[in-house]
Structures are given as C-alpha cells and as structure tokens.
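Here's the letter readout for the chains.
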Amino acid sequence: MIDPRIASVSQALEAALRLQSLRPEDLEATASFFSPFEREMSALPSPPVVPDNAAGTILRLLWCKTHPENADLPFLLNVLSDSSPMVRLHAVDALSAAVDTKTNWTDSVFLNMAREAVQSVAHNETSPLLAGQLAGVSERLNRWARPRRQTHARVVANPYTAGPPVRSPKNFFGRSDVLAQIGTLVSSGGTTRAVVLHGARRTGKSSLLYRIVDGALGQEVVPVYLDMQGLAGSPLKSLLRVLLRLTWQALGSEPDYVPSSEPDFSELREYFDAALSRLGNRSIVLMFDEYEVLETFLASGLGGQLQSLLESAPNLFIIFAGSRKLEAISDEAFSSLVDLARYIKMTFLSRAEATRLITDPSHGMLDFASGVPERIFDLTNGHPFYTQLLCQSLFEIASSTSRVATLVDVNEVVKRFLQNPAPHLVLSWNTLRAGEAAVGSMLALLQGDMGDAVEPAAIAARLKAERFPLPLKVPAVQRILNTLSHSDWVAKQKERNAYRFTMELVRRWVAEERPIASLTARQELELASRTASYMRQRAAWALDVAVCAVLAVVGATIAGAVVGAAAIAAMTDQAVWLIWLIWLSAVLPVFAYLSSALWFGEATVGMKAFRIQATPAPGHSLMSIRRCAWIAVLYALRLVTAVFVVLLPFALVLEAERGVLVFGLVALVLEALDNVMIWNGERRQGLWEKLGGILIVPTEALRL
Amino acid sequence: MKRVVPNPYTNRAAVLARDQFFGREDELSDIFTRIHGGQSVLLMGDRRIGKSSLLRAVGFERDDALEDKSHFVLIDLQSLAGCTEDTCIRVFVKEIEAATGVRTEELGRAALEGVAEGVRDSGYRMILAMDEFDVLVWNEQISPEFLANLRSWTARYRFPLVLAFREGSIDRIVEDEKFGSAFLNLFGTVYVGPFKETEAQELVRRPALDQGITFSDEEVDLVLDLAGYFPLFIQIACYHLFELKKTSSSNVDIEGTVEREFLFEAAPHMEYMWQRLTEPERQAVLDWSRLGGTHDSEAQQQLLRRGVLIEERRALRLYSRVVPGLINKWQAPQRSISQSVKDALWK
C-alpha cells in the first residue's frame, strides 16, 4: 500500500520531470531540482513503497542514497540500465554512496556479479558523466575483492647490488689503489689537477665517486658530485646553476651568497675564486659523472673556463668519469684540459677484492661451499657488476632453500643468466661493429670451455671457412682483437700473440646466443639489403668499359705491331689466324685486368671510383682466385654483349651476315635483362652478378 | 535484476583487481627482491603473456612483500603516443600527485624534482611502474636526453622503476638507438613466461569455485590440453567451459563445444605466436606435430622456455592439441600471382 504522502510527492516529481528537460551533465540544475525530494526521503526511517514509474523509482533511489547502509543493492544494480537518464543518475549516486559500506560486499559471489554488472553498464552508458562515475564505482568495488593469496613472506634484503651505483660504504669493495692515486694527486697540489676515470660501463666508476662524496679522500677535501645525465639537453645556465648550488651546499651554504637563478661564467668565476681562497689548505674536488654529456656545453666555452679555473687555483681538482673515449671530443680547450689529466682505467677487481665482494656482504646470512667463490671469480674475472649480479642471483636461490650456496646453485645461476642476460651485456654487444662481433663470436667458439687462448690467424682461417661475408684477413683480425682488448672484452696473453675472453660468463653467452652462423646469416641479409643503386653500378661499369677498351686497343695494337706486320708479309693466306691473334691480344689484358682487380681489391677501377665493391651473395663462398676468374669471364662477356649491342644498328644498316645479326639480337636481350635485373631486382643483382654469385654493395657497407 | 552467475574468466587485458590475479609467485619474489635492493626492473616476455598484469600485481602485493611503506604509481604510456616531453612530464607529475598526495607548484622538469623531493620527504618510497614503455621510446618527440634525465632522476631519488614493454625480446628493445644511452644499464630483467602447472591449475579451478561451480579433473585436463599454460588461453577455454557448465544440461558435448569455441577465439592469438617464433623454432614445432619430437635441442629448449612445448608428467608435448591442425593453414599464406611470378623470376 502506497503511503498517500509518498504518492503525492511522487506525483509532484512526475509532473516536475515532465516540465523540466534535465540531463545528467546539468550538475547544478539537477542538484537543485532533486534537493527537496532528497530531503523528504532522508527523513523516512524505512524504504518507501513507491509507484511503479520513473518518479517512484527515483524516490526509492534517493532513499537508498541517503541510507547507504540499508540500500537494496540488487535493486540498485537492476536500475543501473534503466532507460531514463535521471533514474540512472540516481542509481549511480546511490550505488556510489553504498559502495563504501560494509554490507553485502563480503559475499564474493554477489560482489563478482555486481562488478560484472557495473562494468557492463559502464561500457554501454551513453552519458560520459555517468560512464565516468560508473568506472569510479567499479574501481572502488575492486577494493572489496579479497586478497587471493596468503600474505607474502617479507622479502629478505638481498645484500648484493647489481644495477644502481653502490651507495653504502659497507657494500663497496676494492679500488683502494684508485682512491689512493686520486688522494695523492689532490693533496700534492702538483700540476696534475684532473683525473679522467674511464672504463666500460658498470665497472664501478659512479660507486667510486659516491665513496669520494662520503669522504673517502679525507676531511681536507670538499667533494661536489654532478650527474651529467640529469643535465642532458639542458641549457648552459642550468649546468652553471646546478654546479654553483651543489658547491655552495657542499661548502656549508654560506649565508652571504645565494646562487642566482641565471648565473653566467663571471658569477661562476667570482664564486669559485672567493670560495677557494677561503678554503686555505682544503680543496674542492669537482666530479663530473658521465662526462660525455659535457660535450654539448663545450661550444659555449665551458672547457676554457674550467681550464682557466684549474690553472688559477691550486686547491681545485676535477674528476671526469665516463665510458666514451675522450679523444672523440674535439673541443680544443677541453682537449688541453684532459691532456694534462691523469688517466685511470677502471677494470676488474683483484682476486682478493672480488672474494671479499662475494663473501662479505652476505656474511651471517649465507655460507659458501668450498670452491664457490673461486668459481664465481673464474666466471667473472672480478668484474664488479657481473660478480654482484651472479651473487645477487645466487643469494636468491640459495637463501630460499638452505643457507649454503653450492656449485650446483652457481650452475643454476649461470643458466638463468644465459637465458635472461643483463640488458647491459646485450647493449654492450650491440654496440660492436659487424667485424668485431664476428671476431668475438669466433673467439668464443674456438676458445671453448677449456679456455685456450686463440691466435688471430686461427680466427681468420675459421671465419673464412664459415664464409663470413666481410674481408677479415689476419691483419684485420689482429686490429679488431686489439680494439676488443681496449674495451676489456678480450685479453692478450703475455707470452704469445693469442687472445681469450676476459670473462668466461660473457664468453659462454656469446658462444651460445651470438653464434657465428647467425651473425653470418644476419650480415649476409644486411649486405643484401644495402646493395648499390642502379645508377652507381652502371656508372662504375661505364668507366670499366672505357678502361677495358683502352686495354683492348693497347693490347691489340701491340700484338698487331709486333707480330702482325711480319706475319702478314710472310703468310698473307693465314690472315684469319692473325685476326684471331689480335682479337685475343685485345681480350687477354681485359680478362687479366678484371680478374686481378677483383682478386686483389674486390673491385674494378670503376667500382673503386664510385665506391662500390663485390661481395659474395648469401650462400656463396668467399672470393677465391677461381671465383674471381669466373667473374672476370662473366664481366668480359658483359663487355662483349655491350659491344655487340653498339654494333647492332650498324649491322642492320649495312645488312651484315645473318649470324652477326643473331649475335647482336641475343646480346640486346641479355643487355636488357641485365639492366632490368639491376634496376628492379630484389638485391639489384645483374645477370652476370647473379651467375657469379656476388652482390655489388657500397664500400661503407663492408666496413669492419 | 535476474540473478545470473557472472563468468569470472573475462579477462583478456591486464588484470585490474587483486583477487583476479593468479600465480607468478617466483616472478613477484624476484621483482620485490630487486626493488628492495633499489634496483629497477624490466619485465621481459612475449606479448599477451601477462606482463601488464604482473606490473599491476606489484601494486597489489607491495605492502605484504616490502617492509618499507611505499607509494605505487602506475603510468600506462599508451596514451602518450606522439606527445611532447612537456606533456609526458605533466602526466608523470599528475599521476604521482594522484597516487602519493604530494603536490608541487613547479612546472616542467622542475616539477619532477618537486614531486620527487615531496615523496622522499614524506618518508615513503615510490615504485614507479610504466606499462608499454616502447611507446615512449618510439615517440619521435622524446629525445634520448629525456631518458637520460629520467635515469638520473630515478637514481638520485632512488625510486625503482618497473617497466613492461610490448616487445618481448631484449635484442629488439636495445636495437633502438635511444637505448644507446646508459638508460637500460640500470635494469635487472625478470622473465615472464607461461604459468607453471600448479599456477595454471589454480587459474582453471579457483575462479569457477568462487562462483560455486566445480570443474572436474577431466574438464581441467581439457582446458590445459587446449590452452597449455598460457594465462590468456586458459581464460578463453575456461570462459567457454564455464558458460556451458552454468547453463547446459548433461547431454551437451562439452569437449567438442569448448574446443570449437576456443578455436574460434584463440586461433588469431595462436597464429600471432607462431609468427613470432624463429625459423628453427617453427621447424621444431613442425617436427613435434608430425614426428612427436625434434633433433634441434637448442630450439626445443627455447620452445620449452616460451611455453610452446610443455613438460607434463615427465613427458613433453605441444602446448595445445589444436596446434598441429592449425599449422598447415599458417604455413601456406596466400600469395598474389604477381608475387609468385616475381619470386620465380628473382629468387
């Protein structure tokens, strides 16, 4: 039975709704319109019985909204998809009010049903406002979802750090020699006022600088550390502002000076002059981490300013730390600055330092079975990053099962590393040039698990046997091995000219994940995708035709002059043989030229002039003498067809013999096919290159 | 409202609620261990394997796993395709403000410093998770310097980053020149592969059980025979099985119907997975489907790792029994006549 009071309110609402055209988006209008009805419903202690129409439904929804703890949730969910936007608006409001109460949501079946219903309605809702509100309701409903799993065991702190720089002194091992060298240079006040700390990434340069920040050089040194990566792409004034602010903070933030927001070189100069003179015997050590970024600031004269500061202040010292070669930076002032610097290379830790790094951080938490630290050192050669990485993984595996790390655990760690290598390794490998990668891969293969050092000649011979499509002869391999040893990939044996990987772990990854077969296939595809353009190939060939013509004329002339005159005089009836002799004298130099040019330089004169070169096509062997001779024959044939094509119009005009015409037509077809293949072929491979199994590529594509 | 039983296997994208997330105990443990040590994490794995769900699970589970109180900020970078650096920074700052309650008045890069200082001063750690990071890397408006700044910013304030890429192979990720910077050096990688058998079984049984429906052992086997241990495929197979179980009478051919419906929905995803295999891996799958084994042990290992082959009751099998039937279709893509003529001429 409907209460008369409710019935009259419902009628009033229905009438008002007919007069008003409201949308959910009209927030203020709807709020003021429904406000009296909401007040009316909030006063009711129990849900009203309402007429079965939109107004009645809205009244019931208003009651639910004002009594969220007693709201009829199934009813709310049911009317969420009502055709009236005003009903939907109030259903969403009521549900939103009820969603944070604790009734009903503990029933997981009902909760899931509600979540699905809300998501479905939100998906179909035409009003953007209601759709957004429903998404919010859905999100809040998700909070009622019970955690599916039991509470996690707290993560045990892994004492090894592989990735970010080591900040804690107790986790920093070794490098005492480097710190001592820098300390001596700083305190001596000599002419060497800068250090270039270089070495591959992840060798611990930043960690060392953090040690200096922590006071490793003593109380007489005021360290100022700048991470240049954070200033990449910033203007010079930002660098100056940060440099001044950090120095100011390191010196104790003197109140009589506050760095300006847009400092220039004069402010920098004035501040440093004043600060350094006040310091007396103490020194400022400026540390530029990732010095490569400095290059972008050098054009504005930063190098000169730093050099000038260093020259005028004996208690200023600069450390540049980075991984790129400083020779690549061309700024003159900066070059003279670093020319006077001491270069210190960061490489591997000693066995004793590495053993401390392996065992000390987990002391009391993990024991190492006999031979485990030695095995880790054998795998990493004391490289701090890889040592930390293996130990981190080892700690995770061993501490979850027992308190002792065994050799079996080490094998598991290595297996995981090979399956899931550190990005640093892949990244470093990918920076290698094709020739470097091939030599590295072959060395990894030949060195094998026994760790035998390998000579360059053996690598070159095996690369040839594997048909690696770049010209890697012994001198080139030797050069590449030297380059790889500079970046610590490989090391040369002291007693003989043989090389091996510095880290067994890396060697195994290279041997397994970067095998020479896949590098060869990749390089072949790379070359096939970089073949020289039609115009470049044709221009080179035109030049070669000219060279061949000169050689043919010279050869024929000499043959004719030396042999022909006498022979013609003596045996006029044998003239046909003499013609052949002269013809041969013309062809032979051409053949000799083409085959020797291809054999010695893998390019003819025309190719050299237009900077292109012949290389084996995928699936073909490298350029042997026999192959060069065969290609020379093919090129000689290409020359002959060109000659016949040129002569064909004359033959037609002069009504030459049928045989000559047939030759001319065949030559025309071959020439056309050759041109079409170069113009439109997938690899721009002409007819004769196809038969010879070669590609014509720009010289730069074959750079080692 | 008619009280219908909702189907709990509707997740086709990232899982958004804690109770819908299953498995990945080892991966979560690995991630939290690294985060605890201050290291940033890169989630590697094939597409649709569950990296985005795992990323969100870091947010659900962090309070249980980590001692320190932490804010979890999740930024889905998909919406930032083509945006400028300023827009990216604005979005980053807005999301951090929303998740941490910290406010800054600064603009541009200074705003990043402002919120970072605010979070640090609040005594909380911040775990910054970014989904679809490829979008940022491949955005031409984002310079390598921006990534360098990001690296420096996270290192200085010691906020671990947890990134998920669309791209599954680290080789393909690092091919991008922007990663020639030191950015990726910060990261440890966590491989996200298919489920373990126990995890797969839990995903099959538990959601149905929560709705009052029990799958029999034979039905669980049917699902795993069709879907292997891939969460997406399990969701698809279970969805159809659940629909049948809740509505049908006993005379319906459950096995045939589920397989048919599963094929219809899952086949495109399976084909995509096939296309992503390397040539030796495809050959090994062919060998397995035709001969029941392969001689290429290297490819077999890779397939096992990717979940294409699975070890069950000490024997190996292809992840789904429908794969052999689909391979023939995938192997013979239709070629145009002009393409065939061109191939004949040039190859």
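Our structure's up above, just so we're on the same page.
These lines cover the structure that appears in this document, whether it is placed above or below. (Residues numbered from 1 in each chain as written. Chains lettered and ligands numbered in written order. Predicted model: local features only at pLDDT ≥ 70, side-chain atom pairs only at ≥ 80, totals over all residues. Heavy atoms only, no water.)

1. A look at the overall build of chain B
Thought 1: Scanning chain B from N- to C-terminus turns up 15 helices and seven strands.
Thought 2: For chain B, with 347 residues in total, the buried portion stands at 55%.
Thought 3: The long-range fraction of contacts in chain B, counting pairs at least 24 apart against all pairs at least 6 apart in sequence, stands at 74%.
Thought 4: Counting only carbon and sulfur atoms, one obtains 48% of the accessible surface of chain B, whose full area is about 15,500 Å². (Helix = DSSP H or I, 4+ residues; strand = E, 2+ residues; numbered from the N terminus. Buried < 20%, exposed > 50% of the residue type's maximum accessible area, 1.4 Å probe, protein only. Contact = heavy atoms within 4.5 Å. Areas by Shrake-Rupley, 256 points an atom, 1.4 Å probe, with all protein chains shown as cover.)

2. Examining the sheet that holds strand 5 (residues 342-345) of chain A
Residue and element names in this part refer to chain A.
Thought 1: On the basis of which strands lie adjacent, the open sheet formed by five strands has the order 2-3-4-1-5 and parallel pairing. Bordering the open sheet on either side are strand 2 (221-227) and strand 5, each of which pairs with just one other strand. Sheet twist, expressed as the mean angle between neighbouring strand axes with direction ignored, is 20 degrees.
Thought 2: Bridge count for strand 1 (residues 194-198) against strand 4 (residues 316-322) is five bridges, and the pairing is parallel. Residue pairing across strands places Ala194 opposite Ile318, the latter belonging to strand 4.
Thought 3: Here helix 10 (residues 236-250) sits on the sheet and contacts strand 2 and strand 3 (283-289); the angle it forms with strand 2, its principal contact strand, is near 150 degrees. (Pairing = 2+ DSSP bridges. Axes fitted to C-alpha atoms, helices over the stretch in contact; angles between N-to-C directions.)

3. Digging into helix 15 (residues 351-359) of chain A
Residues and elements named next belong to chain A.
Thought 1: Looking only at helix 15, the buried set comprises Glu353, Ala354, Leu357 and Ile358. Angular distribution of buried residues about the axis of helix 15 spans 140 degrees; they occupy a single face of the element.
Thought 2: Buried residues in helix 15 make contact with helix 8 (176-188), strand 6 (367-368), helix 16 (372-380) and helix 17 (384-401). (Arc of directions from axis to C-beta.)

4. Focus: the interface of chain B and chain A
Much of the literature gives interface size as the accessible area that the parts lose upon coming together.
Thought 1: Opposite the 61 residues of chain B that make contact, chain A presents 57 residues.
Thought 2: Inspection of the region where chain B meets chain A yields one salt bridge.
Thought 3: The salt bridge partner of A:Glu290 is B:Arg151, with a shortest N-O separation of 3.6 Å.
Thought 4: For the interface between chain B and chain A, the tally reads 11 residue pairs in polar contact (both at pLDDT 80 or more).
Thought 5: Of all the secondary-structure elements, those providing two or more residues to the side of chain B that touches chain A are helix 1 (25-36), helix 2 (51-65), helix 6 (144-157), helix 7 (170-174), strand 5 (187-191), helix 8 (197-210) and helix 13 (297-306) of chain B.
Thought 6: Considered class by class, the residues forming the side of chain B that touches chain A number 24 nonpolar, 14 polar and 23 charged. (Salt bridge = Lys/Arg side-chain N within 4 Å of Asp/Glu carboxyl O. Polar contact = N/O pair within 3.5 Å; in protein donor to acceptor, adjacent residues only side chain to side chain. Nonpolar A, V, L, I, M, F, W, Y, C, P; charged D, E, K, R; others polar.)

5. Some thoughts on the sheet that holds strand 4 (residues 161-164) of chain B
Residue and element names in this part refer to chain B.
Thought 1: Taken together, the five strands give an open sheet; going across it, the order is 2-3-4-1-5, and neighbouring strands pair in parallel fashion. Of all strands in the sheet, those with a lone pairing partner are strand 2 (70-76) and strand 5, marking the two edges. The sheet shows a mean angle of 20 degrees between the axes of neighbouring strands, direction not considered.
Thought 2: Where strand 1 (residues 40-44) and strand 4 come together, three bridges link them in parallel fashion.

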